[in-house]
Amino acid sequence: MRASSLSLALLLIATPAVAQGDPAPVVAAERAFAVDGLALGVKGSFLKHSAPEAIVFAPDPVKAHDLLKARPDRKGPSLVWWPLWTGIARSGDLGFTTGPSTLDGQENGWYFTVWAKQADGGWKWLYDGGAPSAHGDAPPQGSRPTYLPAATGPGATPAKAMKQVRAAEAALAKRAAADLKTAYLAALAPGARIAGSSAAPATTAAAVAAELATRPSMIKFSALGGGASAAGDLAWTYGDAAWSEGAKPARGHYVRVWQSRSEGWRLVFDEILPVAGPKS
């Protein structure tokens, strides 16, 4: 599910009255989720903080509520996580956070969560998962997260934004089927982050190049879903990924965040999570 979480002295901040486009409410939602993770365990906290349509990869995309309701009511090991990078749409209704996690005190990768504001003003997550990335020099719990800069491109209706994002994804997929590195370098925004390997998430141009080098030279991508903000400036997507490892077929899933920039839609986050075995 997630390589995610939090620890003992979490800074649970109250959500102040903030201007639209301020990521503070998303950070507060993530921290409240993490606090409940310790108090309620995975099942209780994940059900409490996820939207009815929320998905996880288990290993293929499945509704989180369908998966979790079938699980036993026990707290399990201590899962701890904290947000270190976050972003939000100009309309203040769609955002994300990512950061390190531990399981019973041991490194457990980096989580990634997509959040959506609900009709009652609260926040629920739409996707939660994580990569086996090393913590590296990640700041400790309680550190102030850094923010994705605001979108510089035009807004649109959510439907129009998703049409544009699907076109950007199709262009990326077409290039990636022949040359993955070229495809990503054409789609990534400056400052974009990518993850999926055991290395710490890539946050610099050199680290991005190194992360791309861990991936197959060619991947076939197939879009499955996602959504856009009300302002049409931020969107998240997920889908299937298939490639070859020598003579053997391999597969996984991707999850991404796209942002409207002055030069068009650009990737600001990308993660590929391999799956062992054939598709169920």
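The notes below deal with the structure included here. (Residues numbered from 1 in each chain as written. Predicted model: local features only at pLDDT ≥ 70, side-chain atom pairs only at ≥ 80, totals over all residues. Heavy atoms only, no water.)

## Regarding the overall build of the protein
Threshold: Counting from the N terminus, the helices are DSSP H or I runs at least four residues long and the strands are E runs at least two residues long. Only C-alpha atoms enter the radius of gyration; for comparison, a globular chain is expected to reach 2.2 Å times N to the power 0.38, where N is the number of residues. The cut-offs for exposure are 20% and 50% of the maximum accessible area for each residue type, with area from a 1.4 Å probe on protein chains only; residues under the lower value are buried, those over the upper are exposed, and the others partly exposed. Residues count as neighbours in contact if any of their non-hydrogen atoms are within 4.5 Å of one another. Each accessible area is a Shrake-Rupley estimate made with a 1.4 Å probe; only the visible protein chains count as cover when residues are assessed. Only four residue types enter the tally: Lys and Arg on the positive side, Asp and Glu on the negative side, with His and both chain ends excluded. Where a charge lies is defined by one atom per residue type, namely NZ (Lys), CZ (Arg), CG (Asp) and CD (Glu).
A tally of helices and strands in the protein yields 5 helices and 13 strands. The C-alpha atoms of the protein give a radius of gyration of 18 Å, which matches the 19 Å a tight globule of 280 residues would have. Burial analysis of the protein (280 residues in total) assigns 51% to the buried set. Of the contacts made within the protein by residues no fewer than 6 positions apart, 63% connect residues no fewer than 24 positions apart. Accessible surface for the protein amounts to roughly 12300 Å². Of this, 58% is attributable to carbon and sulfur atoms. Here the protein contributes 28 positive and 22 negative side-chain charges, whose respective centroids are spaced 4 Å apart.

## Thoughts on the packing of helix α3 (residues 158-176) against helix α4 (residues 180-187)
Note the threshold: Each axis is a line fitted through C-alpha atoms, taken for helices only over the stretch in contact, and angles between the N-to-C directions span 0 to 180 degrees. Angle categories are assigned with fixed cut-offs, so that under 35 degrees is roughly parallel, over 145 is roughly antiparallel, 65 to 115 is roughly perpendicular, and the rest are oblique. Gly falls in the polar group here, along with every residue not listed as nonpolar (Ala, Val, Leu, Ile, Met, Phe, Trp, Tyr, Cys, Pro) or charged (Asp, Glu, Lys, Arg).
In the contact formed by α3 and α4, the axes pass within 7 Å of each other and the chain directions differ by 155°. Here α4 runs roughly antiparallel to α3, going by the angle between their axes. Where α3 abuts α4, its residues Leu172, Arg175 and Ala176 lie against Leu180, Ala183, Tyr184, Ala186 and Ala187. Each residue belonging to the contact of α3 with α4 can be placed in one class, and the counts come to 7 nonpolar, no polar and 1 charged.

## Brief notes about unusual backbone geometry
Glycine aside, residues mostly have negative phi angles, and peptide bonds mostly take the trans form. Of note, the amide linkage connecting Ala58 to Pro59 takes the cis form, showing an omega dihedral of -5°. Inspection of the secondary structure puts Pro59 in the loop between β1 (50-57) and β2 (61-63). Of note in this structure, Asp104 is not a glycine but carries a positive phi near 50°.

## As for the nonpolar core
For soluble globular proteins, nonpolar side chains are generally found buried alongside one another. Short version of the rule: To qualify as a nonpolar core, a set must consist of buried Ala, Val, Leu, Ile, Met, Phe, Trp, Tyr and Cys residues joined through side-chain atoms within 4.5 Å.
One finds Tyr184, Phe221 and Trp258 to be the most contacted residues of the largest nonpolar core, which totals 29 residues. Elements with a contribution of two residues or more to this core: α3, α4, β9 (188-195), α5 (205-213), β11 (234-245), β12 (248-261) and β13 (264-275). Counting residues per element, this core draws most heavily on α3, at 7 residues. Within the second largest apolar cluster, 23 residues are counted, among which are Leu126, Ala131, Leu234 and Val268.

## Considering the sheet that holds strand β10 (residues 220-228)
Rules: Any two strands with at least two DSSP bridges between them are considered paired.
Overall, mixed pairing links the 5 strands, which are arranged β9-β13-β12-β11-β10 in an open sheet. At either end of the open sheet lies a strand with only one pairing partner, and these are β9 and β10. Direction aside, the axes of adjacent strands within the sheet are offset by 20° on average. Examined bridge by bridge, β11 and β12 share 12 bridges and lie antiparallel to one another. Along β12, the bridge assignment pairs Ser244 with Pro249. Relative to β13, α4 is tilted by about 140°, and along the sheet it contacts β9, β10, β12 and β13.

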